[in-house]
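# Examining the three-dimensional arrangement
Each chain, letter by letter, is given below.
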Amino acid sequence: MISATQQKIADELDVRARKYLRGDGANLETLRDKKLKGQLANREKLYGQSAKAAAKAEKWLLPSEEGYLEPEGLEKTWMIKQESIVREVDISSFRKPFDMILPDLGPYKLEYTPSGRYMVMGGRKGHLAMIDMLNMNLIKEFQVRETVRDVVFLQNEQFFAVAQKKYPYIYNWRGTEIHCLKEHGAALKLQFLDKHFLLASVNKSAQLHYQDVSTGVIVANYRTGLGRTDVMQVNPYNAVIGLGHSAGKVTMWKPTSAKPLVTMLCHFGPVTDIAFHKGGHLMATTGMDHKIKLWDIRKFGLLHSYTAHAQMLDFSQKGMLALGNKSHVHIWRDSGNQDYKQYMSHEMVKGYQLAKVCFRPYEDVLGIGHSMGLSSIIVPGAGEPNFDSWVANPYETKKQRREKEVHALIDKLQPETIMLEPTKIGTLKPRRTKANPTKKEIQEEMETAIDAAKNITFKKKTKGRNKPSKRTKKKEEGVFKAKRPFLEQKTEERPFKRQKEEVELPKALQRFSRKKA
Amino acid sequence: MKVKVISRSTEEFTRERSQDLQKVFRNYDPNLRTLEKAVEYTRALNAAKLEKIFAKPFIGAMDGHIDAVSCMTKNPNHLKGIFSGSMDGDIRLWDLATRKTVNQFPGHQGAVRGLTTSTDGDRLLSCGTDCTVRLWKVPVLEMTDPNESNEDCSKPLAVYVWKHAFWAIDHQWDGNLFATAGTQVEIWDQNRSEPINTFEWGKDTTVSVRFNPGEPDLLATSASDRSIAIYDLRMSSPARKLIMQANEDCNCYTYDGRKLNEAKLVHKDHVSAVMDIDYSPTGREFVTGSYDRTVRIFPFNGGHSREIYHTKRMQRVFCVRFSCDASYVISGSDDTNLRLWKAKASEQMGVLLPREKRKLEYLDAVKERYQHLTDVKRIVRHRHLPKPVYKAAALRRTMIEAENKKDERRRAHSAPGSIPVQPFRKRRIIKELE
């Protein structure tokens with residue numbers, strides 16, 4: 001006998017395990033090969049077991065729990081100010097929200113490492129700094145005395161790339177210039193694909209460059225042909241790059257095709273920012289047409305459209321959406337069915353212009369770069385509470401970092417592995433359908449086409465066009481039109497046969513040929 | 001208002017002392033590891049490449065004989081012992097670990113044709129073209145000094161003289177009978193000077209004899225009249241016989257002993273006659289040595305070889321053996337040498353740490369998972385072949401294709417059903433006798 005609580009736990013584990021199964025199992029019923037069927041059934045069983053073990057580990061072994069913000073009584077979450085949150089939280093979280101006033105060299109762009117430990121920031125007027133966020137330690141600060149448009153970390157905190165006035169540069173953590181990437185030109189935005197070791201940039205003349213930073217090879221260089229843009233974002237699910245253009249289009253790119261994989265018309269007006277959900281199914285775009293739109297990028301369909309103003313977007317690990325608009329920050333949250341509702345809001349000092357909003361991974365913190373420096377606020381429930389030491393470890397030691405870099409290089413993915421559906425790798429092409437349909441199939445197809453033509457209902461028309469004779473005539477025409485392609489197919493086949501029969505015999509032999517009935 | 005935020009104390013997530021192990025935290029969420037399949041595929045590809053890089057199967061040659069090595073047998077008592085007999089009548093006991101001769105038996109007058117050890121591993125039996133079977137005492141291998149043997153092996157314990165030259169010998173797996181093959185098949189007891197039983201079926205010479213490891217009373221022989229016969233010691237006459245038209249056609253045939261009308265499987269790959277065959281102790285693989293100067297390892301249920309071993313200096317291979325722990329292969333060839341090979345070409349020898357072992361298991365698993373993809377398959381399958389073998393294989397392929405084509409045409413031009421399609425497994429069988 002299973003008690004009610006045991007049953008409840010089993011049910012919960014089943015629900016949790018679904019995530020780890022990564023989709024339904026293969027349909028083995030259709031297989032005729034018994035040996036293969038047995039092997040695959042065994043494999044499926046193993047998958048089920050491992051998913052269950054993972055679900056159990058998730059339920060019982062994870063050390064930390066997600067953050068939350070719950071209103072009481074008439075309170076609303078978006079009315080709660082940062083000051084009141086800070087008063088409630090523990091002392092280590094108390095240090096996390098801050099305002100760094102740097103009035104001279106702003107507005108600031110910022111970027112976190114995937115583990116959320118380090119932050120690099122770049123002021124528009126050439127101020128670069130790297131900070132260890134764990135103990136708020138300034139690692140290096142220097143000035144390049146040149147326009148800085150974007151900063152991005154490379155494979156770890158040892159290197160970062162900076163898009164400067166004429167070219168992007170790569171610096172190490174000491175602030176030494178390592179490389180000048182002249183091929184990229186005046187890059188407006190940089191992105192790094194960490195599994196592929198590719199640095200992607202889009203420059204002033206709207207060219208998209210991919211450079212392999214481990215070998216230095218320019219992997220691809222494509223003209224987007226859709227005008228200057230600084231809206232670029234990597235989809236973490238499949239490493240496809242999304243670009244937003246001034247005509248309202250969003251295009252998606254991979255390094256092995258010169259044409260965009262997808263072109264979507266998302267806004268009536270320039271696209272100002274795009275963001276991708278970590279699960280890879282959701283894209284948020286915002287444009288100058290005062291719309292924020294959520295897209296399902298599996299079928300490229302619009303999910304929701306909201307009328308709101310935002311210049312910048314970012315998705316958190318747990319799927320919260322940060323919107324930055326002038327000096328306001330809003331955080332939206334999924335309220336079920338991928339419908340995003342306001343969750344929190346934060347007002348900067350009036351007159352501060354936001355330049356970048358960026359969630360810190362594995363923390364409930366949102367970093368904000370603006371014209372007067374840098375701020376960070378607490379957003380409970382934004383970050384993934386449990387990190388995996390082998391994926392991204394905020395407490396990484398020097399040795400672990402070195403080890404990880406070597407392994408990342410060994411497992412470096414080739415640019416060809418970037419595709420819209422990365423789970424396709426290792427699968428087979430579906431078998432081609434039969435080239436020539438059989439006679440029966442053609443007959444059936446023709447019959448359905450004729451039926452469809454017969455069942456058409458016409459609009460009521462005036463001035464004698466609604467006469468029964470006219471209507472029947474029109475219907476007959478429709479039927480004839482539906483029949484025609486099938487009949488033409490048949491006539492095409494016939495002369496071929498006739499030719500075969502009419503083999504020219506020599507005169508002397510013609511009398512022996514069989515007479516036609 | 002209730003609020004909770006993620007807050008980690010550094011002490012909880014890092015080690016206390018530098019002697020401690022680093023703390024490891026796992027989160028199996030699929031969203032944290034994107035592009036899983038691409039990563040796995042890359043690992044499979046890298047594993048396949050590494051396997052190729054580390055594939056160095058040849059360990060060493062053991063020289064000492066002054067004529068071609070004709071036969072070998074394992075020492076069931078010692079993992080590292082192997083006996084070999086050569087064409088000049090010399091019999092040696094080798095130590096595989098040091099690759100040196102431990103003991104040299106005086107041997108036969110002519111060529112040694114067969115060697116076998118008794119079940120308990122105390123006695124060695126050899127037969128030769130000098131019409132004698134000799135029984136030797138196996139010296140005990142000393143752990144301390146393998147070079148020094150303290151027992152006198154200069155004389156055989158017994159010499160059985162008989163009427164004809166012997167071609168092969170094999171000892172029962174459980175019991176103290178042994179069988180010899182020559183003009184007839186004889187069954188001997190160690191304590192009798194004459195055979196206790198004699199089988200004869202046809203007039204041709206029997207060239208090999210093997211006992212069934214599972215059924216101690218069953219033995220099979222092959223003869224130069226293209227026949228394979230199965231004998232049962234409990235019966236006075238031979239049990240079954242099969243005549244095949246497969247004389248040195250480079251293939252190995254696996255039969256179900258109960259159904260001889262059809263081979264279970266044909267193992268094709270050699271380009272010249274297969275001289276010797278030995279099953280791995282696990283029974284999952286077997287090794288073959290061939291006249292084409294190569295050694296191949298086949299899976300017991302696979303039609304093509306998993307591995308091919310060759311060196312420039314290795315000549316016609318006359319005998320091959322798996323070692324008793326299934327991790328080495330020993331081949332004896334015409335060039336008077338015994339050669340020691342790894343059974344898995346890229347296997348890392350020595351003790352593996354548990355982490356290493358797990359890593360290798362993981363790599364094997366991903367390799368197996370992506371084995372059907374073209375790149376992985378190409379790398380895993382690729383073997384460098386010596387030019388003559390490569391050319392001979394190509395020639396064989398064209399010949400077989402031509403033969404098949406001819407068959408097809410013949411079938412197309414004759415009455416339907418008059419030339420039935422016969423599977424290759426049946427094609428070589430001429431007759432089955434009871």
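In this text, all values refer to a predicted model and were calculated from it rather than measured experimentally.

### Focus on the interface of chain B and chain A
Contacts between the two partners involve 38 residues from chain B, matched on the other side by 63 residues from chain A. The contact between chain B and chain A buries some 4,600 Å² in all, and 56% of this surface belongs to carbon and sulfur atoms. Among the residues chain B hides against chain A, the three largest losses belong to Met1(B), Ile6(B) and Arg8(B). Together they make up 19% of the total. Counting across the interface, chain B meets chain A through seven salt bridges. At the junction of chain B with chain A, the criterion picks out 25 residue pairs in polar contact (both at pLDDT 80 or more). Only β1 (2-4), α1 (10-13), α2 (36-54) and α3 (354-369) of chain B provide two or more residues apiece to the side of chain B that touches chain A. Tallying contributions element by element places α2(B) first for the side of chain B that touches chain A, with eight residues. Summarising the sheet, strand β1 (residues 68-70) of chain A and β1(B) pair through three bridges and their orientation is antiparallel. Across the sheet, Leu69(A) pairs through a bridge with Val3(B), a residue of β1(B).

### Here we look at the UniProt feature "domain: BING4 C-terminal" (unreviewed entry) in chain A
As recorded in UniProt, the sites labelled "domain: BING4 C-terminal" (unreviewed entry) are residues 342-422 of chain A. The span residues 342-422 of chain A is 16% helix and 31% strand, and its two end C-alpha atoms sit 32 Å from each other.

### Digging into the packing of α2(B) against α3(B)
All names here are of chain B. Between α2 and α3, whose axes approach to 8 Å, the crossing angle comes to 105°. Comparing their axes, α3 and α2 come out roughly perpendicular. From α2, Glu40, Arg43, Ala44, Ala47, Ala48 and Glu51 reach across to α3, where they touch Tyr362, Leu363, Val366, Lys367 and Arg369. Partitioning the contact of α2 with α3 into residue classes produces six nonpolar, no polar and five charged.

### Regarding the sheet that holds strand β14 (residues 197-199) of chain B
By way of backbone hydrogen bonds, the strands of a sheet pair with one another, either parallel or antiparallel. All names here are of chain B. Taken in spatial order, the four strands make up an open sheet running β11-β12-β13-β14, and their pairing is antiparallel. The open sheet has two free edges, formed respectively by β11 (168-171) and β14, since each of these has just one partner strand. If you compare each strand with its neighbour and ignore which way they point, the axes differ by 20° on average. When strand β13 (residues 185-189) meets β14, the two strands line up antiparallel, connected through three bridges. In the strand pairing of β14, Glu186 is matched with Thr198.

### Some points on the UniProt feature "repeat: WD" (unreviewed entry) in chain B
In the UniProt entry, the feature "repeat: WD" (unreviewed entry) is given for residues 62-104, 105-138, 267-298 and 310-351 of chain B. The span residues 62-104 of chain B is 0% helical and 56% strand by assignment, and the distance between its end C-alpha atoms comes to 14 Å.

### A few points about the pattern of salt bridges
A side chain of one charge can pair with a side chain of the opposite charge when the charged atoms of the two come close. Under the definition given, this model contains 43 salt bridges over all chains. Across the pair Arg17(B) and Asp20(B) runs a salt bridge, and its minimum N-O distance is 3.3 Å. A relative accessible area of 48% means that Arg17(B) is categorised as partly exposed. Of the residues examined, Asp20(B) reaches a relative accessible area of 26% and is grouped as partly exposed. Close ionic contact of Glu51(B) with Lys367(B) constitutes a salt bridge, the shortest N to O distance being 3.4 Å. Of the two residues, Glu51(B) is situated in helix α2 and Lys367(B) in helix α3; the sequence distance between them amounts to 316 residues. Put simply, Glu12(A), Arg16(A), Lys19(A), Glu58(A) and Lys59(A) are held in one network by salt bridges that share partners.

Cut-offs used in this document
Residues numbered from 1 in each chain as written. Chains lettered and ligands numbered in written order. Predicted model: local features only at pLDDT ≥ 70, side-chain atom pairs only at ≥ 80, totals over all residues. Heavy atoms only, no water. Contact = heavy atoms within 4.5 Å. Buried area = accessible area lost by both parts, 1.4 Å probe. Salt bridge = Lys/Arg side-chain N within 4 Å of Asp/Glu carboxyl O. Polar contact = N/O pair within 3.5 Å; in protein donor to acceptor, adjacent residues only side chain to side chain. Helix = DSSP H or I, 4+ residues; strand = E, 2+ residues; numbered from the N terminus. Pairing = 2+ DSSP bridges. UniProt positions renumbered as here; feature names shortened; annotations may be inferred. Axes fitted to C-alpha atoms, helices over the stretch in contact; angles between N-to-C directions. Parallel < 35°, antiparallel > 145°, perpendicular 65-115°, else oblique. Nonpolar A, V, L, I, M, F, W, Y, C, P; charged D, E, K, R; others polar. Buried < 20%, exposed > 50% of the residue type's maximum accessible area, 1.4 Å probe, protein only.

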